[in-house]
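Residue-level structural notes
Listed below, chain by chain, are the residues.
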Amino acid sequence: MKKYAIIENEKFARINLQNAIFKLRPDYECVFTAETIEDCIDYFSGRPDLQLIFMDIELDDGNCFEIFRSVEIDTPIIFTTAYDEYAIRAFKVNSVDYLLKPLQDSDLERALKKFESHSQGAAPIKAAKSEKEAPKLRTRLLVSNGQNYTFVQDEEIAWFEAEDRYVYIICKNGKSLISDFSSIGEIAAVLDPNRFFQISRSILASIDAIKNVSKYFKGRLNVTLEASEHSKTEVISAARRDTFLEWLGHTHK
């Protein structure tokens, strides 16, 4: 069974696409849908078990290419859009096909066959490439301070916080440092995923800094972080809730 996601901000377009996929591939399962960039970043930051993505270009809160600036997505993508001017840009981000609305079953069938052919024939090559290019996990980070450099061990870090053009390191002793990273997603890719979790678009937290987790409305969670006398409360979206709880150690029955 193939698991897929639909990123589409128009409700009826999303329903029609899911129905069309079911008609052509009844063994495919839709496991996630989203209308916003923010929900996509939350979801894909958790590295979900997913084989295919159907993605529209224009979402409720902006252009879908903003997603790729925050998280790395290796999953094949079939773009479904009313705009033909993004085709070249789309094929630079793991695109299998680029379908223009209104979608035709024949076009969708062609795209699915292309995806299936690619996934079967290219799997060994992709696996080897991923193994070769996977970043090495770091246990310390180099931080510049004026003319000097200093090391920060990962066990000293409470959380990372993106604000304006900078990503700050908040240490457990309450000290704040400016990192050389350009995004939270870039840091998350090189740190131990068992120790750090991206709880929102702007926060990557150490499990040691999480002092309280409580239920919030609409399936979301409130997470309180603490570093010395400094504390911060962040909301985890409903889309990230289960992944976060599993990371904490919760097992669904």
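Residues numbered from 1 in each chain as written. Predicted model: local features only at pLDDT ≥ 70, side-chain atom pairs only at ≥ 80, totals over all residues. Heavy atoms only, no water.

Describing the sheet that holds strand β12 (residues 176-178)
As summarised here, the arrangement of the 5 strands in space is β12-β11-β10-β14-β13, forming an open sheet in which the pairing is antiparallel. Taken across any chain shown, the strands that pair with only one partner, and hence form the sheet edges, are β12 and β13 (196-198). Adjacent strand axes in the sheet meet at a mean angle of 20 degrees, parallel and antiparallel pairs treated alike. Direction of pairing for strand β10 (residues 157-163) relative to strand β11 (residues 166-171): antiparallel, over a ladder of 6 bridges. Residue pairing across strands places E163 opposite Y166, the latter belonging to β11. Contacts from helix α7 (residues 238-248) reach β13 and β14 (203-206) within the one sheet, and its direction differs from that of β13 by about 175 degrees. (Pairing = 2+ DSSP bridges. Helix = DSSP H or I, 4+ residues; strand = E, 2+ residues; numbered from the N terminus. Axes fitted to C-alpha atoms, helices over the stretch in contact; angles between N-to-C directions. Contact = heavy atoms within 4.5 Å.)

Focus on the nonpolar core
Nonpolar side chains in soluble globular proteins generally cluster together in the buried interior. Counting 26 residues, the largest nonpolar core has I7, F44, M55, F65, I67 and F79 as its most contacted members. Counting residues per element, the ones that place at least two in this core are β1 (3-7), β2 (29-34), α2 (37-45), β3 (52-55), α3 (65-70) and β6 (77-81). Counting residues per element, this core draws most heavily on α2, which supplies 5 residues. (Core = buried A, V, L, I, M, F, W, Y, C linked by side-chain atoms within 4.5 Å. Buried < 20%, exposed > 50% of the residue type's maximum accessible area, 1.4 Å probe, protein only.)

Just geometry here; none of it tells us what the structure is for.
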